[in-house]
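# Architecture and fold: a report
Spelled out, the chains give:
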Amino acid sequence: MASRETGRAKETGNRRVLDEAGRRRRARKALEALEQDNFHEDPHANLVMSKKAPKFEELLDSHGRSKERKRKTRSADYFKQRYRKNFAMLLEEDQLSNPDGPNYLTAQAGASQLPERHLCAVCGFPSPYNCVACGARYCSTRCYSTHQDTRCLKYTA
Amino acid sequence: MTSNVFIMDNGAHTIKAGYSNQTEPRVLLNAVMKAKSERRRPFIGDQLDDCRDASGLFYILPFQKGYLVNWDVQKTVWDYVFSKEIFNVNHASTTLIVTEPFFNFTSIQEAMSEIFFEEYEVDALLRINAGDLSVHKYHRDRPKELCCLLVDSGFSFTHIAPYIQGKKQKDAIIRIEMGGKMLTNHLKDIVSYRQLNVMDETYVINQVKEDSCFVSADFNADMKKARLKPPANDILRDYVLPDFTTIKRGYLRSLEESNGKSPNNEQLIRLNNERFAVPELLFRPSDIGVPQQGVAEAVVQAISSCPEETRPHLYRNIFLTGGNCNIPGFCERVYSEVRSAAPAEYQVNVSLAKGPTQYAWHGGAAVSQSAQFPEQLVTRDDWEESGFSACSAKFSV
Ligand SMILES: Nc1ncnc2c1ncn2[C@@H]1O[C@H](COP(=O)(O)OP(=O)(O)OP(=O)(O)O)[C@@H](O)[C@H]1O
Ligand SMILES: [Mg+2]
Ligand SMILES: [Zn+2]
Ligand SMILES: [Zn+2]
């Protein structure tokens, strides 16, 4: 194993095979996708709202406040500017200020001791087989051909 | 105390809010949403009830991985909660109890304290973990018990937190990266792959999940059964999707009516092993490649890292809160897995909170009535005198 893992599908003989790094990357991406708030784009992202209707951001700012209070309070946008740390920055900061814990990272659940289960990537039923090319599980020739036609190496760069 | 107490369990999915003297909190989505069908305005929280067509609903959420990061969005939702439209909160005469996650980051704690004192100008503040509120109520209702092993399974994650004589054991708290959001997204994924593209329909599929899923008592046996044809397979069901004209809300058909037919052109999805394979992720995160312990394993692990003399008490007081605990079969499964993993000499007792989603809010109401409550608070004067350090001295998350 002297060669560098590229994370790409390689040609080995006639068969393309996804290497270990590629499989891990794909698994990570699948999990990241499961954390998304939306799969699609904001339907009104660039919408110019009708002249009378306030723009989305303006609506955010002015909502639910009496005029008197409005002078004093800051806009929602102020808070966006004032506290702009994302999750990764917060975590890094936390590790610097409290490296020994207990903290966010020390609380993370450890690895399961239970035997891993093998479920078909297509139909979800228990599956005895592994796809040679990408490592996905499948249970039958029918699911295998669905897998090959749809997912297998389709999305790999 | 002369001021009113307002309690806000600020979850990543829903806010549970109301005055301490209310019988139930109001539960509203902690989100700003945009609908394809409505170009004129976004919907804040339960304004979504005014939205006729929630297909393709787009979410803007204040939380990321369970932590508050989008402050403009959060401020918008809070403004709405406090507004005349809902609670008409007069902050100057209000004591606020607001929740935050275990191990909340310091910057977020600072921002919250600042917003409530400087922006809303509350009279007094208690920032606290939802789990602390729940455990307070648990002990108030069961004064003889010495310990509590709290499970809070919400939107972003699931926490397992042991409390010994009411004191949170921070070293032993476990967080599993599995919650209702993942379950819904996973269901969306597999339905889209197997039957019908619903990737844009988080709102609808979340309802499908809540209406259809159950936690299996025996995963392998249910998998076998799901391979069979009805009537031997009593798991397979039709779910009728909403079309937002005649069908405003989707529903699960009964066993007898699940014939796969749609005489009135209803759009159906057929749910089979999906019904239990999705909540299964709470017990086996590794089924989708999350390399972590499941709920029951983590319960046993958390208890084993507490002092030995407390373990019998913890095993006897396993308490389930948070929205996912509503899933039928959840409590029974926790019991059976913990029972078989725990040392035989310990008695195991698992109970499900009545109203697991709202329980922490009720805990807040209980806290506000306790004799120690005034000392737990940071008042306006404290804040003006010492700022955030007054908060860090009193609040422990
Ligand atoms: N009957 C039900 N069946 C299945 N899931 C449910 C049910 N009721 C609520 N849930 C799920 O529970 C989750 C919300 O739980 P909860 O209200 O405890 O979370 P939260 O407090 O908003 O979030 P967090 O505590 O993670 O910040 C949602 O994903 C929701 O779909
Ligand atoms: Mg919660
Ligand atoms: Zn299969
Ligand atoms: Zn493959």
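Cut-off values and rules
Throughout this document, residue positions are counted from 1 along each chain, in the order its sequence is written. Following the order in which they are written, the chains are lettered starting with A and the ligands numbered starting with 1. Totals for whole chains, interfaces and linings use every residue, but because this is a predicted model, local features are given only for residues with pLDDT of at least 70 and side-chain atom pairs only at 80 or more, for both listing and counting. Hydrogens and water are ignored here; the side-chain numbers use all heavy atoms of the structure. UniProt positions are given in the numbering used here, feature names are shortened, and annotations may be inferred rather than shown by experiment. Helix and strand assignments come from DSSP, with helices taken as H or I runs of at least 4 residues and strands as E runs of at least 2, each series counted from the N terminus. What makes two residues a contact is simply this: any of their non-hydrogen atoms within 4.5 Å. Working definition of accessibility: Shrake-Rupley area with a 1.4 Å probe, residue cover restricted to the visible protein chains. In these notes, a set of buried Ala, Val, Leu, Ile, Met, Phe, Trp, Tyr and Cys residues joined through side-chain atoms within 4.5 Å is what counts as a nonpolar core. Note on classification: 1.4 Å probe, protein chains only; a residue is buried when its accessible area is under 20% of the maximum for its type, exposed when over 50%, partly exposed between these limits. Classification of ring pairs rests on two measures: the distance between centres of Phe, Tyr or Trp rings, Trp counted by its six-membered ring, which must be within 6.5 Å, and the angle between planes, read as stacked under 30 degrees, edge-to-face over 60 and tilted in between. Criterion for a charge above a ring: Lys NZ or Arg CZ within 6 Å of the ring centre, and within 35 degrees of the ring normal. Donor atoms: N, O and S within 2.8 Å of the metal, or within 3.2 Å for Na, K and Ca. Because water is excluded, sites can look incomplete. Under the classification used here, a metal with four donors is tetrahedral if each angle lies between 85 and 135 degrees, square planar if opposite donors are over 155 degrees apart and the others between 65 and 115, a six-donor metal meeting that same test is octahedral, and anything else is irregular. The rule for a salt bridge is simple: a side-chain nitrogen of Lys or Arg has to be within 4 Å of a carboxyl oxygen of Asp or Glu. For this description, a residue counts as near a given molecule or strand if any of its non-hydrogen atoms is within 4 Å of it. For the purposes of these results, a polar contact is taken to be a pair of N or O atoms within 3.5 Å, where, inside protein, one atom must be able to donate a hydrogen and its partner to accept one; residues adjacent in sequence count only when each atom of the pair is a side-chain atom. Paired strands, in this sense, are two strands between which DSSP finds at least two bridges. The axes used here are C-alpha line fits, helices contributing only the stretch in contact, and every angle between their N-to-C directions lies in the interval 0 to 180 degrees. Should an angle fall under 35 degrees it is taken as roughly parallel, and over 145 as roughly antiparallel, whereas 65 to 115 is taken as roughly perpendicular and any remaining angle as oblique. Crossings are assigned a handedness: left-handed for a near helix turned anticlockwise from the far helix by less than a right angle, right-handed for a clockwise turn.

For chain B, an unreviewed UniProt entry supplies the name Actin-related protein 6 and the organism Hyalella azteca. The heading Sequence similarities (unreviewed entry) in the UniProt record of chain B holds the text "Belongs to the actin family. ARP6 subfamily."

An unreviewed UniProt entry annotates chain A as Zinc finger HIT domain-containing protein 1-like originating from Hyalella azteca.

The next thing to look at is the overall build of chain A. Broken down by element type, chain A carries six helices and four strands. Walking chain A from its N terminus toward its C terminus, one meets helices and strands in the order β-β-α-α-α-α-α-β-β-α. Long-range contacts, defined here as pairs at least 24 residues apart, represent 22% of the contacts in chain A between residues at least 6 apart. Of the roughly 10800 Å² of accessible surface on chain A, a fraction of 51% belongs to carbon and sulfur atoms.

Let's shift gears to the nonpolar core. By size, the foremost hydrophobic cluster in this structure holds 73 residues, and its most contacted members are F6(B), M8(B), W71(B), W78(B), V81(B), F82(B) and F116(B). Sequence-distant contacts of M8(B), defined by excluding residues within four places in its chain, comprise I15(B), K16(B), A17(B), W78(B), V81(B), F82(B), L96(B), I97(B), V98(B), T99(B) and F116(B).

Residues and elements named next belong to chain B. In this fold, Y335 is placed in helix α10 (residues 330-341). Under the relative-accessibility criterion, Y335 is labelled partly exposed at 35%. Residues Y335 and V348 lie 13 residues apart in sequence; the distance between their C-alpha atoms is 7.3 Å. In this structure, Y335 is in contact with V348 and V350, ignoring residues within four places of it in sequence.

The next thing to look at is the packing of aromatic side chains. With the rule as written, the count across this model stands at 25 aromatic pairs over all chains. Judged by centre distance (5.2 Å) and plane angle (50°), the ring pair of Y83(A) and W71(B) falls under tilted. Highlighted residues: Y83(A) in the loop between α4 (76-82) and α5 (87-97) and W71(B) in helix α1 (residues 71-82), drawn from two different chains. For Y83(A), a relative accessible area of 9% corresponds to the buried category. Seen in terms of ring centroids, Y138(A) and Y144(A) are 4.4 Å apart; in terms of plane orientation they differ by 35°. Their pairing is tilted. Taking the relative accessible area as the measure of exposure, Y138(A) reaches 15% and is therefore buried. Taken together through their ring pairs, the aromatic side chains of Y83(A), F6(B), Y19(B), W71(B), W78(B), F82(B), F87(B), F116(B) and Y120(B) make up a single cluster. The positively charged end of K65(B) is found above the aromatic ring belonging to F87(A), 5.8 Å away from the centroid. For the cation-ring pair, R175(B) lies above Y104(A), with the distance from its terminal atom to the ring centre recorded as 3.6 Å.

This brings us to the coordination of the zinc ion (ligand 4). Residues and elements named next belong to chain A. Distances from the zinc ion (ligand 4) to its protein donors, C131 (SG), C134 (SG), H147 (NE2) and C152 (SG), fall within 2.0 to 2.3 Å. If you look at the zinc ion (ligand 4), its four donor atoms make angles of 97 to 119° with each other, and the shape they trace is tetrahedral. Here the donor residues of the zinc ion (ligand 4) share one chain and are spaced in sequence as C-x2-C-x12-H-x4-C. Separated by 21 residues along the polypeptide, C131 in the loop between β3 (129-130) and β4 (137-138) and C152 in the segment after α6 (141-150) bring together distant segments of the chain. For C131, a relative accessible area of 2% gives the class buried. The exposure class of C152 is buried, given its relative accessible area of 6%.

Once that is clear, we can look at the pattern of salt bridges. Using the criterion set out here, one finds 30 salt bridges over all chains in the structure. Across the pair K34(B) and D42(A) runs a salt bridge, and its minimum N-O distance is 2.7 Å. Within this pair, whereas K34(B) is found in strand β4 (residues 32-34), its partner D42(A) is found in the loop between α1 (20-33) and α2 (56-62), the two belonging to separate chains. Side by side, K34(B) and D42(A) carry an identical accessibility label, which is buried. Sharing partners across several salt bridges, the network here consists of R117(A), E280(B), D287(B), R333(B) and E337(B).

Here we come to the site of ligand 1. Residue and element names in this part refer to chain B. Close to ligand 1 lie 20 residues, the nearest being A12, H13, T14, E210 and G323. Between an oxygen atom of ligand 1 and a main-chain N or O atom of S156, the distance comes to 3.1 Å. Here K209 contributes a side-chain N or O atom positioned 2.9 Å from an oxygen atom of ligand 1. Protein contacts shield 89% of the accessible area of ligand 1, which totals 650 Å² for the unbound molecule.

Glancing now at the sheet that holds strand β6 (residues 58-60) of chain B. Residues and elements named next belong to chain B. Taken in spatial order, the three strands make up an open sheet running β5-β4-β6, and their pairing is antiparallel. The sheet is open, and its two edges are formed by β5 (43-44) and β6, each paired on a single side. One ladder, built from three bridges, connects β4 with β6; its direction is antiparallel. Pairing of V32 across the sheet is with I60, part of β6.

Residues and elements named next belong to chain B. Contact pair α1 / helix α2 (residues 106-119): the axes reach a minimum separation of 13 Å and the direction vectors enclose 40°. Here α1 lies oblique to α2, going by the angle between them. You can see that α1 and α2 cross each other, and the crossing is right-handed. Taken together, the residues of α2 that come into contact with α1 (itself represented by W71, K75, W78 and F82) are I108, A111, M112, I115, F116 and E119.

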